[in-house]
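Now for the letters of each chain:
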Amino acid sequence: MAEEMVGIVTGMKENSPTEFCVHLFSEQSEPTVRIGDIVRVALQHKGRVVTYYGIVNDITSQWDRDVDSGFKERAVFDQIMPGNKFFLARVAVSRAVYPDREVFDEPLMVPSPGTPVFLVRSYEEVERALRFDELKKRGSHLPVGVMINEQPAYIDLSFVLGENGAHVNISGQSGVAAKTSYATFLVAAMIQKGDKENNAYAQALRNGRYIVFNVKGESLFFLDCRHPDWVRAEESQVEIWQRMYRSMGLDPDWTFPKDRVMYCSSPKGSKLPELDKPDLKSRFTNTSVYGWDFIDVIRYRLLELALDQEELAMSQNMQLVLFAIQEKLEELLEEFINDVERVERELQKGKTNGQGVWEDLAKAIESIHFPLPPDRYEKARQVLYACRKDPELILAEYGLPETVDQLTEYLKRGALAKDEDYEDRAVAEWAKVMSENDIGRATMFAVIRRLKLARKQGLDRLWRPMPHCLAGELTSAPQFSYRITAAWDRPGGVTVIDISKLHSSMQSFVVGAVLRQVLEAKMANPNASQQPVFVFLDELNKYAPRMEGTAMVKLFRDVAERGRSFGVILIGAEQTASQVDFRVVTQSSTTVVGHQKAAELSHDEYKHLLLRQKEMLSSVGPGVVFVDQPFLRVPIMVKFPMTPWSTKETNECESASGDLAQYL
Amino acid sequence: MRNDTITLLKRLKLDRNLQQSMAYEGPESWDAGRPLAEQNVGEVEVLSCTPLKQPSSSVHLAVLTGGKALVFVDGVQRILFRKVLDDLTRVYLVAMAAAAVEVWPRGRLLTNTLRRELVLYVPSHLGETPSEDAYNGMDFKVRTYDAQSAGETLGGLVSNDRDALEFQAMKAMSTSLDSVGMLFKDGPLKMFYPSDLWPWPVGLVKSLEPIPNAELFLEHVKQLKVGRVSSLLEVKSGDGGFKKFVAYLRLLDVGSESSMEGLVRLDFVGADLPTVSTVAEKAVEAVVNLARVGPYSRSPYNVLAVDWLEKRLRELLPDANLVALDLARRVRSLG
């Protein structure tokens, strides 16, 4: 241990076992210690030395009592008399250890005034002081930035992956490189660790699925490209960034591998061929279009996500009608699936005497020359695909709407139905919804109006009609490429989902739909925790606002509270954590705070930060964040370098440009 | 503290009397050290008096302040305990400290010049003299004095010992500074220091100097206006071994031309009579340097740096209450 005494524990201020103050000595009239530095004091307990490590979290300077007036201060400046400077550092205890082992009931003793305080400089001792040595031993260390002493800081992956805790919350003002850049930095660190190491944590990261929602422009559609600012930066600056990456054990030239990133976008329009074209302006490779067919909409109860969440939360009537519609949709889908399974069973027994829809279903199953999947919904989808008939005609037999237009049509006809109309199955079923649930015509039309509004806002692009084959035999399972599951469920795959061009209510629909699908898939997967799904979402306050009763909030609470058990890890970001649902924010084991307004920092969500840290946060520059995790006693300030991968649109990327023609 | 010292304190019934001592006089007033009169510090003989005459041609003076340090030396004392014995002789326990402070080019206490002492003054007729030892890291001395002698008063002894500490501080300066532009000593300046003392201090005279034939000096200081230098006095030490020339410079108008306040004493060590330009040069140097650092406008006779130094030194003296309690405890523990 290099002995560099920087001062003594002062008795001028009150000390406690968790925080003490140091009178800093300074030979050159300036103290050598800075905020973020690590110091050490030695205490005696029953004849044994206990070493207390701590992080300097505040430094103040003032004249000692000898300069007690403005006049004397001027005199000191004019060199008429000496003035004693008094530098005081506040230190938060980070760890207490005996020479050979941990102090289990730490920290219980208080350092006495006059105890010498030493600056910790050696790499190993800094790691020891901050418990990074423990993390490294377990292999659960993930670099999160570089501390003031240029050493890397780590967080414990067991508090990220769900073992001890899960979820990451990042808050900070826009434009100060705190949220999106930092989230991609964390994802990159996780992927690189997964690729490089070979322990259980790294394995989980290697098998992880990374979903990134792009909420602004097409900024995250170039993760596999070089950052234009990095390319244009001066060499000396790039060297600093590279050094920071190397110190963290990360590759300074790494960008997201092109073969691992899939960029998903909403379709350009609601009708073919626009329905299969991504709504993107600058990215032309590695792209796909997402959407949901009627089976997804019903199965994942997506209808409630398409309507205005605030209005829905306030109107019980609306909720009741929506619930009734959802229930009817599920009932009808169940009937359709039951029929598919019944026909399949009868065909297996050799019976072929069906009529009407049954005949269509039988023909479809007979044309399928590959084993049908065990999943009931998937099976129904494939059989419907193979029907060689417009699915709308088959579904009409059940009263099932294939699109939102059909749903509004059915609801309308159901609401206006007369006795003679009841011969039509669809009309009969949807009229029954009204009578059974005692729903008034006005209320039903109110819901219809909302659905029409949702359609105008783009629901018809997201709730897409079922594709179907026109003729021929099916020798391999059809790929429903619009299904988002196909994109995100790849080991180590990064899926960027664009919602920036959607209306805000449709953005909620997409976020909710993806989350519900992910949750359902993970709940059904016995190895869920070994294959975690990381979901990065900016503007969390918009999707999980501090408001009771909305479907989205319930969904996010579900992810926050139960997601950990199924390996669903939310990396949420927002400008103001105080506006995000309290239960969602508090479930995050890892909290990252970047540049923030002082008024926001006065909320309870930031109470884990020390007073001076809050003050610093309202003035820190780009790339500086405070990271907090349960294993750290004190939040630590880190700086993270500019990302070599692009987090903004760039036209200097060859891999992003492709054959333009197919998108036009 | 050794047992024989404690035994002596016990004989003085220190523990009981300490309580009384503190009851009627707060420790704040003890710093002043009253009633320590300055007197009888040695014989000084004035051999000649040479009035300074205007030189026939103008003299060019260049005062270089350059990188040379400007230093002040001062000492403080605090009476921690005072007891009047049955025969009206007195016992004092005095803490004293002295140090030098550099004001320019760096403002700092020259810590290696710091000297502290704790001295117990006891009348010699009490008999045994305890040996010297230490008290909480400070030198503890026991000094006997002849209470019957007219020439050896307790006040004079304390003053002498403090002056000796200041002298030690000045001696220690040569090891901490390469060059000293000017050294000022606050308060009464002894007429004779050993001739090898370096640097030789300039005295800030603020009261009557501790010399028996004060009237003789007053004669030359009277009517001395601001900025004027008195006649050069050739003085000889009492033992006759050391001669030097001194002159007074009035630096401040304190409202009375006959006051000893606001005076600076300039010493010229050597056998030859200094020239007018030498005297003028030293006087100007004193004026320039003192103008740079003071005086402290809120107390015109003090310089800020001296005020600072005195405060610092007092902080380094032991607390009278704590010393008294500690001594009482030790006395009682002896049975």
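These numbers come from a predicted model, not from an experiment.

(A) Representation of the overall build of chain A within the structure. The helix and strand tally for chain A stands at 24 helices and 18 strands. Dimensions of chain A along its principal axes, counting C-alpha atoms only, are 105 × 50 × 50 Å. Out of the 664 residues in chain A, the part that is buried amounts to 47%. Taking as baseline every contact in chain A between residues at least 6 positions apart, the subset at least 24 positions apart corresponds to 73%.

(B) Spotlight on the overall build of chain B. For chain B, the count of helices and strands is seven helices and eleven strands. Across the 335 residues of chain B, 37% fall into the buried class. Look at the contacts in chain B between residues 6 or more apart in sequence, and 66% of them connect residues 24 or more apart.

(C) View of the confidence of the model for chain B. Across chain B, the average pLDDT comes to 78, with 79% of residues at 70 or higher. Note on residues 22–41 of chain B: pLDDT under 50 across the span, and 30 contacts to partners over four residues away in sequence or across chains.

(D) Region of the structure containing the domain arrangement of chain A. All names here are of chain A. Here chain A is described as being made up of domain 1 (5–129), domain 2 (144–291 + 482–661) and domain 3 (296–462). Centre-to-centre separation of domain 1 and domain 2, based on C-alpha positions: 38 Å. At the junction of the two partners, domain 1 supplies eleven residues and domain 2 supplies eleven residues. Among the secondary structure elements, those contributing two or more residues to the side of domain 1 that touches domain 2 are β4 (48–63), β5 (85–97) and α2 (123–129).

(E) Inspection of helix α19 (residues 504–524) of chain A at higher detail. Counted at 1.5 Å a residue, the expected span for α19(A) with its 21 residues is 30 Å, and the 30 Å between its end C-alpha atoms agrees. Taken across its 21 residues, α19(A) has 16 buried, putting it largely inside the fold.

(F) Looking closely at the environment of Asn136(B). All names here are of chain B. Within the fold, Asn136 resides in the loop between β5 (133–135) and β6 (138–145). Judged by C-beta crowding, with 11 C-beta atoms within 10 Å, Asn136 ranks as exposed. Taking C-alpha positions, Asn136 is 9.9 Å from Val323, a pair spaced 187 residues apart along the chain.

(G) Region of the structure containing the pairing of β6(B). Residue and element names in this part refer to chain B. Both strand β4 (residues 108–123) and β6 contribute to a ladder of seven bridges, which runs parallel. The residue bridging Leu118 from the neighbouring strand is Phe140, located in β6. Relative to β6, β5 runs antiparallel, the two being bridged by three bridges. Its bridge partner being in β6, Ala134 is matched across the sheet by Asp139.

So, how was this worked out
- The residue count restarts for each chain, going from 1 along the sequence in the order it is written.
- Chains carry letters from A onward and ligands carry numbers from 1 onward, assigned in written order.
- Note on the predicted model: pLDDT of at least 70 is required for a residue's local features to be given, and 80 or more for side-chain atom pairs to be given and counted; whole-chain, interface and lining totals, by contrast, use all residues.
- In this text, helices come from DSSP runs of H or I with a minimum length of four residues, and strands from runs of E with a minimum of two, each type numbered from the N-terminal end.
- Exposed residues have 12 or fewer other C-beta atoms within 10 Å of their own C-beta, buried residues have 20 or more, and partly exposed residues fall in between, where C-beta atoms are placed from the backbone.
- Residues are treated as contacting if the C-beta atoms built from their backbones sit within 7 Å of each other.
- The pLDDT value tells you how sure the predictor is about a given residue, anywhere from 0 up to 100.
- The domain limits used here are those given by an automatic or database domain assignment.
- Helices are assigned an expected span. That span is 1.5 Å times one less than the residue count.
- Here, any two strands with at least 2 DSSP bridges between them count as paired.

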